Structures are given as C-alpha cells and as structure tokens.
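# Fold and contact review
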Amino acid sequence: MAKTISASGSGAVRTILKNKEAFEFALRSKETEGNRIRYFYDVFYENTNGTLNIAVEDGDVKIASLNLSLGKVINLYNDKNLKKLCHYVLDHTEE
C-alpha cells in the first residue's frame, strides 16, 4: 500500500512520485492552440483525487497546476517536482 498524502497536502507531489504505481490519471480533454497544447486530467491517488492541468509549448511544460480535493493547489511556482510529475503523466498518456 502506498503512503497517503497528508491532510495539509505538503509533499504531495513528492509522495506521488515515490509511489507512481498508486497514481491514476485519465485524460479528460486535450486542446491545441497554435504551438501550445493543453491537457486536462482527472487524477486519483490513495486518499485524494483532483485535477491536473498542463500546458505544453514546444515540448516544454510551461504551465501546470494540480488541484487536490484536500484544498491544496500545487503549481510550478510552489513545487518544482510538479514538472517531473507532468512529464510522467504525459509519457504515460494513451490517446
């Protein structure tokens, strides 16, 4: 059983990255506008669920936010590990 995310949401991305086998995601939508592609996912991990928004431009994650049901919103500015999680999700997305 994977480690649960604390109620405060602190270290959530790091916890998910260490326990990727327990992290599930489903692509809800994908939109292309010029050279920017936006992805919107429903995400599930142990004791929480939420959404993940990713904007990719020229192969680089430019914008990302992970909104968890714990009331925590994680973005590239407050957690540098989010970019790693985004690459993992994008690499494992079946379209």
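Residues numbered from 1 in each chain as written. Predicted model: local features only at pLDDT ≥ 70, side-chain atom pairs only at ≥ 80, totals over all residues. Heavy atoms only, no water.

Before going further, it helps to spend a moment on helix α2 (residues 82-91). Because an α-helix completes one turn every 3.6 residues, residues spaced three or four positions apart along the sequence face the same direction. Restricting attention to buried positions, one finds in α2 the residues L82, L85, C86, Y88 and V89. Angularly, the buried residues of α2 cover 160° about the axis, an arc narrow enough to put them on a single face. In α2, those exposed residues whose orientation departs by more than 90 degrees from the buried face are K84 and D91. Contacts from the buried residues of α2 go to α1 (12-18), β1 (23-33), β2 (36-45), β3 (48-57), β4 (60-68) and β5 (73-75). (Buried < 20%, exposed > 50% of the residue type's maximum accessible area, 1.4 Å probe, protein only. Helix = DSSP H or I, 4+ residues; strand = E, 2+ residues; numbered from the N terminus. Arc of directions from axis to C-beta. Contact = heavy atoms within 4.5 Å.)

On to the nonpolar core. Ranked by size, the top nonpolar core spans 26 residues in total, and within it F23, L52, I54, L66, L82 and L85 carry the most contacts. Of all the elements in the fold, those that place two or more residues in this core are α1, β2, β3, β4 and α2. Among the elements that take part in this core, α2 stands out by supplying 5 residues, more than any other. Here I54 is in contact with I37, R38, Y39, Y41, V61, I63, A64, C86 and L90, once residues within four sequence places are set aside. (Core = buried A, V, L, I, M, F, W, Y, C linked by side-chain atoms within 4.5 Å.)

What follows deals with unusual backbone geometry. Positioned with a positive phi, E46 is a non-glycine residue whose angle comes to about 40°. The topology assignment puts E46 in the loop between β2 and β3. Taking relative accessible area as the criterion, E46 reaches 40% and is therefore assigned partly exposed. Its identity as a non-glycine residue notwithstanding, D58 has a phi of 55°, on the positive side.

As a general point, the strands of a sheet are linked pairwise by backbone hydrogen bonds and lie either parallel or antiparallel. Read from one edge of the open sheet, 5 strands run β1-β2-β3-β4-β5, paired in antiparallel fashion. Every interior strand has two partners, whereas the edge strands, β1 and β5, have only one. Adjacent strand axes in the sheet meet at a mean angle of 15° when their direction is disregarded. Bridge count for β2 against β3 is 10 bridges, and the pairing is antiparallel. (Pairing = 2+ DSSP bridges. Axes fitted to C-alpha atoms, helices over the stretch in contact; angles between N-to-C directions.)

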